[in-house]
Amino acid sequence: MKVAIGSDHAGYDAKEEVLKKLSDEGHDVVDFGTYSHESVDYPDIAHAVAEAVASGECERGILLCGTGIGMSIAANKVRGVRAALCHDDFTAKMAREHNDANILAVGSRTTAMHTIMRMVDIFLSTEFAGGRHADRVSKIEKA
Ligand code: RB5
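Residues numbered from 1 in each chain as written. Predicted model: local features only at pLDDT ≥ 70, side-chain atom pairs only at ≥ 80, totals over all residues. Heavy atoms only, no water.

A. Structural detail: the pattern of salt bridges. Across all of its chains, the model carries 10 salt bridges by this definition. One salt bridge in this structure joins Lys15 and Asp31, with 3.0 Å as the shortest N-O distance. Taken together, the positions of Lys15 in helix α1 (residues 12-24) and Asp31 in strand β2 (residues 28-31) put the pair 16 residues apart, joining distant regions of the chain. Residue classification places Lys15 among the buried positions, given a relative accessible area of 0%. Residue classification places Asp31 among the partly exposed residues on the basis of a relative accessible area of 22%. Among the salt bridges present, the one from Asp89 reaches Arg118, with a minimum N-O distance of 3.0 Å. With Asp89 in helix α4 (residues 89-97) and Arg118 in helix α5 (residues 113-125), this residue pair connects regions lying 29 residues apart in the sequence. Judged by relative accessible area, which is 28%, Asp89 ranks as partly exposed. (Salt bridge = Lys/Arg side-chain N within 4 Å of Asp/Glu carboxyl O. Helix = DSSP H or I, 4+ residues; strand = E, 2+ residues; numbered from the N terminus. Buried < 20%, exposed > 50% of the residue type's maximum accessible area, 1.4 Å probe, protein only.)

B. Layout of the nonpolar core. Within the largest apolar cluster, 23 residues are counted, with the highest numbers of intra-cluster contacts made by Val18, Leu22, Ile62, Ile116 and Val120. Put simply, the parts of the chain that give this core at least two residues each are β1 (2-7), α1, β3 (60-65), α4, β5 (103-107) and α5. Residues in contact with Leu22, not counting those within four places in the same chain, are Val3, His27, Val29, Ile62, Val120 and Leu124. Core analysis: the second largest hydrophobic core is formed by 17 residues, Cys58, Cys65, Val78 and Ala83 among them. (Core = buried A, V, L, I, M, F, W, Y, C linked by side-chain atoms within 4.5 Å. Contact = heavy atoms within 4.5 Å.)

C. Main features of the packing of α1 against α5. Running from amino to carboxyl end, α1 crosses α5 at an angle of 45°, the nearest separation of the two axes being 11 Å. The pairing of α1 with α5 is recorded here as oblique in orientation. Crossing geometry of α1 relative to α5 is assigned as right-handed. Across the interface between the two elements, Ala14, Glu17, Val18, Lys21 and Leu22 from α1 touch Met113, Ile116, Met117, Val120, Asp121 and Leu124 from α5. Residue composition of the contact of α1 with α5, grouped by class: eight nonpolar, no polar and three charged. (Axes fitted to C-alpha atoms, helices over the stretch in contact; angles between N-to-C directions. Parallel < 35°, antiparallel > 145°, perpendicular 65-115°, else oblique. Left-handed = near helix turned anticlockwise from the far one by under 90°. Nonpolar A, V, L, I, M, F, W, Y, C, P; charged D, E, K, R; others polar.)

D. Structural view of the site of the ligand. Lining the immediate environment of the ligand, one finds Asp8, His9, Ala10, Tyr42, Cys65, Gly66, Thr67, Gly70 and Arg109. With respect to the ligand, the backbone of Gly66 contributes an N or O atom lying 2.8 Å from an oxygen atom. Take Gly70: an N or O atom from its main chain is 2.9 Å from an oxygen atom of the ligand. Expressed as a share of its isolated accessible area of 290 Å², the protein-covered part of the ligand is 72%. The residue inventory of the shell around the ligand, partitioned by class, reads three nonpolar, four polar and two charged. (Near = heavy atom within 4 Å. Polar contact = N/O pair within 3.5 Å; in protein donor to acceptor, adjacent residues only side chain to side chain. Areas by Shrake-Rupley, 256 points an atom, 1.4 Å probe, with all protein chains shown as cover.)

E. Seen up close, α4. Buried residues of α4: Ala92, Met94, Ala95 and Arg96, and no others. Packed against the buried residues of α4 are β3, β4 (83-85) and α5.

F. Structural view of the packing of α4 against α5. Relative to each other, α4 and α5 sit at 20°, their axes nearing to 8 Å. Classified by the angle between their axes, α4 and α5 sit roughly parallel to one another. Here α4 runs over α5; the crossing is right-handed. Facing Asp89, Ala92, Lys93 and Arg96 of α4, the residues of α5 in contact are Arg118, Met119, Ile122 and Phe123. For the contact of α4 with α5, the per-class residue count stands at four nonpolar, no polar and four charged.

Structure below.
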């Protein structure tokens, strides 16, 4: 799968680990930065990843910051993006099954690395359930 990934400085270490794991598994991962621990503004990275997903360049996106909150707020400003801030296996699964989320936002300071890795697996492998959820998701775009 072609996956866009990005983080700010707070999410940088976790982003590098997720990037390595997905590349090792054969995913085509596009890294939108940041590329060091130097402080950056999370909206700049969120918007780049969100545009890559909204345009269809990448099928899914993963965003990491300290809490995941800023990344999810910023990414959801881009039309067509459904960024879900998830904290565990269940929220990652529901984000895909019920909300057809196309970006996973996670907090590197709130969520353990092994949980982040599991959420990434779930997020990339779970299909949208469709049906009644499709009607609801389509209403999101009408706002
Ligand atoms: C950076 O200190 C922090 O504010 C950022 O990573 C994120 O948590 C914002 O939502």
